[in-house]
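Observations on chain architecture
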Amino acid sequence: MRNESPANPLLESKLHIPRARRTLVARPRLLARLNDAVDAKLILMSAPAGFGKTTLVTAWLHTVAEAGGAVAWLSLDERDNDPGTLWAYVLAALESAVPGLGANARALLDAAGPPSDAVLATLVNELHGLDRDVILVLDDFHVLDRPDHDDVAYLVDHLPDRVRLAITSRSDPPLPLPRLRARGQLLEIRAADLRFTGDEAAAYLNGAMGLELTTGDIATLEARTEGWIAALQLAALSLQGRDDVASFIADFAGDDRFIVDYLAGEVLQRQPESVRQFLLHTSVLDRLQGALCDAVTGTTGSKATLEALDRENLFVIPLDARREWYRYHHLFAEVLRARLLDEEPDAPAELHRRASAWFAAHDEPSDAIRHALAAGDVDRAAELVELALPSMRRRRQDATIRSWEKLIPDAVVRERPVLAIGFVGALMSTGEMDRVEDRLHGVERWLALEPPTREAAGMIVVDEAQRRALPGAVEMYRAALALIRGDTVATVDHARRTLALAPDDDDMGRAAAHALLGLAAWSEGDLDTAFAEYTDSIAAMHRAGHIADILSASIAMADIRIAQGRLRDAQLLYEQNLQLLADHGAGPLRGAADMYVGLAEILRERDDREGAAEQLQRARELELFGTRQYPYRSRAVEAGLRLAAGDIAACLTLLDEAERVYDTDFSPAVRPIGARRARAYVRQGDLNPARAWIRERNLSTADELRYVTEFEHITLAIIIVNDAPDERALQQVSAMLDRLLAAAEAGARGSSVIEILAVQALTYDARGDTPRALDALRRAVALAEPEGYVRVFDYLGGRLHELRDALASGSRPARPRQDALVDPLSDRELDVLRLLRSDLSGPDIARELTVSLNTMRTHTKSIYTKLAVNNRREAVRRADELGL
């Protein structure tokens, strides 16, 4: 005990810097900010209880003291609200840091009594006389009442450059913070800065506490506690000695007894009853706003209360820069809810009902529905969902609708056919088909009743416009189910019934029907009809104002144009839709990312790789606004870019990823990833995987040809032509290509025609029919050039490029060139090389060429030497690179 005044002794313990804690976690990022704040007169650490304010400042002061710095420490408590006591302690702290400092002020304080301007002025004068830096720390400043703040504010205003005041507090002190902030004289370290990062949480839990938790466990705890250090400490305490670590962490919540005890003792019990009631009653809200809290609590002035809670650091987190919306710290909210349920078990239902009404009145259906469900009012929730369906469908929030379908009891849905049909749409769009039939049958049973008897039988409808659209909607979903089954006849039949039944004002019903007719025609290869139906569909979507659906439908239309060989028209479609988005002015919508992916694909095809990469980057920036097709389409385009750059390994990796996320939505899978990968293997000279793909798909040149497998059969031809075929195989490929070409030309599928003609050129060349090879290639080039096709020939290897060069120069194509070789292959070696591409073994190749096995091996060894390779696969790949 310090005997400064026998009548009012000072506690020495209040002046000692606390020792660094054994479990201290190094926090260099925060220490650096403190050390760099040399211009700050005031260092304010303001955060709720348990965020490590004192621990941090203690660690900092020990480093300052070890470096020879002067440090004055004062731990404040409620008794320091007496001004005389407070300033006596402040002067004692300063004197403990610099002997003799404050002696004149202390003498004046003892003589004149507390506090006077003269005492403070004398102290300031003494501080200005210092020849060394001093840091004065006032710990737990929030215990002081307002009158003392004026004196502290005076001191801060007049501090010399060599003195800094550091304050730790659970609430912002009423000091001139804005002025200090504007002058650059304030360093603020708040809860957001103090909370543990993932690395710091790991250092504490596994380092200081020795818990040996997994990375996943630490991430879960860090997320649950939001980096709140006290909660992590309490969790670590609870974890000690447990065998069920993973399950404890998974269940760790605000009902943990240590968390409850801590927050109840440190926070709730210290609040006035009115604030305590406000906290408990608003704990049912995930986000807080003044008017909303007024409605829920049945009081007024909630906006001011929230602002006060924010200032007091009562675990309130602002959600916007204007401080209009807030939320509670998750664990704090859970403690409040548990306490509310314990003290007022009937209150939560009514509070949720009030919240639901407020959100419904403010056009926020998701929150209104969630609170209605929390109140146990499933009928009200069902009513709100039914009313929300049109706008939710307009914004393509199918996943949200699907989540409601899981929450509303089946018995409630069965009474509400409009609600049931809305859930059917969500189930189909998210690919969950198992419950679609059951929902549709339920609606059809209601429609089978005579209209006057439906209500008497218990049918409930809130939205009359949606009731009138029910018959058409059922037919529309029947059409979609038929399309999924591959039954295009039934698809067309149901879609036409939809158009007949849909009310005149049911634009989205008509749009869906036209889209389904378009998909059916596309699946059959009737591209003109498909495009026309989609045009009608988009017109109806425009009338309905469904911009997001227009974007999705435009992807199909652009794909159709590309299949027709009309790259410019496809590009125009994507550009028009980006302009539509810009004109819409409500920010990106679902499908925005796909527009950029589409443009990237067209630029890639035109060999504008830099431009394609830029479009892909724009798409990535908007990937949250991608459709179900976006994941695979973006990867497929990037794979094409890697192939164009010669990085076939990266191309194959991207195609593997694309296949993993492959989802064409309802569009026909006319360019499957497996076929693209097989082509890449051909380009790599690795034919075994390509042959395996043929076996897996059970493809044959004798197959009946259909549009949906056209791309795969062209791929089959590419593989065979590159696989050292004999004359019989070449004849079979030629016959299939003739049939493919006739079908593609009849369907005006320009892109396929270009590819087929190019493969035909290779086939004729392999059969020694150079004139027909050049003629086929001439036709392919004539179709490709006007639209800018370049990379369409990527998969066809070096020989096609030689044929193109010959075509351009008007010369006869040379025998596969060997000018890159120092020692050209002999004709016999070329024969062996051709058979090395096949599945034939060495003895089989010898028998095929009617030579001995030793002779064949001699030829093979010579081929390896001349090509500078070491094995059969490398020889095939090198030969492909040389166009041999």
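Bear in mind that the values here come from a model prediction, so they are computed numbers and not experimental data.

What follows covers the overall build of the protein chain. The helix and strand tally for the protein chain stands at 47 helices and seven strands. For 884 residues, the compact-globule formula gives about 29 Å, and the C-alpha radius of gyration of the protein chain, at 39 Å, lies well above that figure. Here the C-alpha coordinates of the protein chain stretch approximately 120 × 90 × 55 Å along the principal axes. A burial count over the protein chain gives 55% of its 884 residues as buried.

For the coordinates displayed, the defined rule picks out nine aromatic pairs. Ring geometry for W228 against F315: centres 4.9 Å apart, planes inclined by 70°, an arrangement best described as edge-to-face. Of this pair, W228 sits in the loop between α10 (215–225) and α11 (229–239) while F315 sits in the loop between α16 (302–311) and β6 (316–318); the two residues are 87 residues apart in sequence, bridging distant segments of the chain. An angle of 80° between the planes, with centres 5.9 Å apart, marks the rings of Y328 and F332 as edge-to-face. In this structure, Y328 and F332 share a single accessibility class: buried. Ring pairing ties together the aromatic residues F51, W228, F315, Y328 and F332, which thus form one cluster.

To continue, consider the layout of surface pockets. If you add up the space inside the largest pocket, you get close to 1300 Å³. For the largest pocket, the lining is made up of 50 residues, of which R393, M476, M508, A512 and D549 are closest to its centre. Listed by contribution, the elements that provide at least two residues to the lining of the largest pocket are α20 (378–394), α21 (398–407), α23 (417–429), α26 (464–468), α27 (470–485), α29 (507–523), α30 (527–544) and α31 (547–563). With eight residues, the single largest contributor to the lining of the largest pocket is α29. Its residues assigned to classes, the lining of the largest pocket comprises 26 nonpolar, 12 polar and 12 charged.

A few words on helix α38 (residues 687–697). Regarding α38, the residues found buried are L687, A690, R691, W693 and I694. In a view along the axis of α38, the buried residues occupy a sector of 155°, so they form one face of it. Exposed residues lying more than 90 degrees from the buried face of α38 are R695 and E696. Packing partners of the buried residues in α38 comprise α37 (673–684) and α39 (710–721).

Once that is clear, we can look at the pairing of strand β4 (residues 163–169). Most of β4 sits inside the fold, with seven of its seven residues counted as buried. By the alternation rule, side chains of β4 split into V163, L165, I167 and S169 and R164, A166 and T168, which are all buried. In this structure, strand β1 (residues 42–46) lies alongside β4, joined through five bridges in parallel fashion. In the strand pairing of β4, S46 is matched with S169.

The next thing to look at is helix α42 (residues 770–787). For α42, built from 18 residues, the straight-helix expectation of 26 Å at 1.5 Å per residue is met to within 8% by its first-to-last C-alpha distance of 26 Å. Among the residues making up α42, those that are buried are T770, A773, L774, A776, L777, A780, V781, A784 and E787. In a view along the axis of α42, the buried residues occupy a sector of 160°, so they form one face of it. Along α42, exposed side chains directed more than 90 degrees from the buried face belong to P771 and P786. The secondary structure elements touched by the buried residues of α42 are α32 (567–584), α41 (750–766) and α43 (798–809).

Following the criterion strictly, the structure yields three cavities of 30 Å³ or more and no others. In this model, the largest cavity occupies a volume close to 780 Å³. In terms of lining, the largest cavity is formed by 41 residues, of which the most central are I562, E601, R671, R676 and F711. Elements represented by at least two residues in the lining of the largest cavity include exactly α31, α32, α33 (592–605), α35 (630–644), α37, α39 and α41.

With respect to topology, five strands assemble into an open sheet ordered β2-β3-β4-β1-β5, the strand pairing being parallel. Looking along the sheet, the strands with just one partner apiece sit at the ends: β2 (70–75) and β5 (186–190). Taking the axes of each pair of neighbouring strands and ignoring which way they run, one obtains an average angle of 15° across the sheet. Here helix α2 (residues 53–66) sits on the sheet in contact with β1, β2, β3 (134–139), β4 and β5, set at roughly 155° to β2. The strands touched by helix α3 (residues 83–97) within the sheet are β2 and β3, with β2 carrying the most contacts at an inclination of about 150°.

What follows concerns the nonpolar core. Residues L205, L221, L309, Y328 and F793 are the most contacted members of the largest nonpolar core, which totals 231 residues. With 12 residues, α31 is the largest single contributor of residues to this core. In this structure L205 touches G210, L211, L213, I218, L221, L232 and A236, once residues within four positions along its chain are discounted. Core analysis: the second largest hydrophobic core is formed by 46 residues, L86, A88, L123 and A153 among them.

The next point concerns the confidence of the model for the protein chain. In this model, the protein chain carries an average pLDDT of 88, and 96% of its residues clear a pLDDT of 70 or more. Note that residues 1–7 has pLDDT below 50 and, in this model, 14 contacts with residues that lie over four places away or in other chains.

Remark: helix α36 (residues 648–660) packs on α37, axes separated minimally by 10 Å, with the N-to-C direction vectors making an angle of 170°. On the basis of the axis angle, α36 is roughly antiparallel to α37. At the point where α36 passes α37, the crossing takes the left-handed sense. Mapping the contact onto sequence places I648, C651, L652, L655, D656, A658 and E659 in α36 and I673, G674, R676, R677, A680, Y681, R683 and Q684 in α37.

With the rule as written, the count across this model stands at 65 salt bridges. Note that R439 and D410 form a salt bridge whose closest N and O atoms lie 2.8 Å from each other. On the criterion of sequence distance, the pair formed by R439 in helix α24 (residues 436–448) and D410 in helix α22 (residues 410–414) is long-range, its members being 29 residues apart. Among the residues examined, R439 registers a relative accessible area of 4% and is labelled buried. Members of the salt-bridge network, linked through shared partners, are R402, E405, D410, R414, R435, D438 and R439.

This part covers the pairing of β1. Buried residues dominate β1, accounting for five of its five residues. Where burial is concerned, the two faces of β1 agree: the one with L42, L44 and S46 and the one with I43 and M45 are both buried. As paired strands, β1 and β5 are joined by five bridges and run parallel to one another. Residue pairing for β5: S46 is matched across the bridge by R190.

Calculation notes
- Residues numbered from 1 in each chain as written.
- Predicted model: local features only at pLDDT ≥ 70, side-chain atom pairs only at ≥ 80, totals over all residues.
- Heavy atoms only, no water.
- Helix = DSSP H or I, 4+ residues; strand = E, 2+ residues; numbered from the N terminus.
- Rg over C-alpha atoms; globule rule 2.2 N^0.38 Å.
- Buried < 20%, exposed > 50% of the residue type's maximum accessible area, 1.4 Å probe, protein only.
- Phe/Tyr/Trp six-rings, centres within 6.5 Å; stacked < 30°, edge-to-face > 60°.
- 1 Å grid on protein atoms, 1.4 Å probe; cavity = no way out; pocket = protein on both sides within 12 Å on 5 of 7 lines; lining within 4 Å.
- Points joined across faces, edges and corners; volume = space filled by probe spheres on them.
- Nonpolar A, V, L, I, M, F, W, Y, C, P; charged D, E, K, R; others polar.
- Arc of directions from axis to C-beta.
- Contact = heavy atoms within 4.5 Å.
- Pairing = 2+ DSSP bridges.
- Expected span 1.5 Å × (residues − 1).
- Axes fitted to C-alpha atoms, helices over the stretch in contact; angles between N-to-C directions.
- Core = buried A, V, L, I, M, F, W, Y, C linked by side-chain atoms within 4.5 Å.
- pLDDT = per-residue confidence, 0-100.
- Parallel < 35°, antiparallel > 145°, perpendicular 65-115°, else oblique.
- Left-handed = near helix turned anticlockwise from the far one by under 90°.
- Salt bridge = Lys/Arg side-chain N within 4 Å of Asp/Glu carboxyl O.

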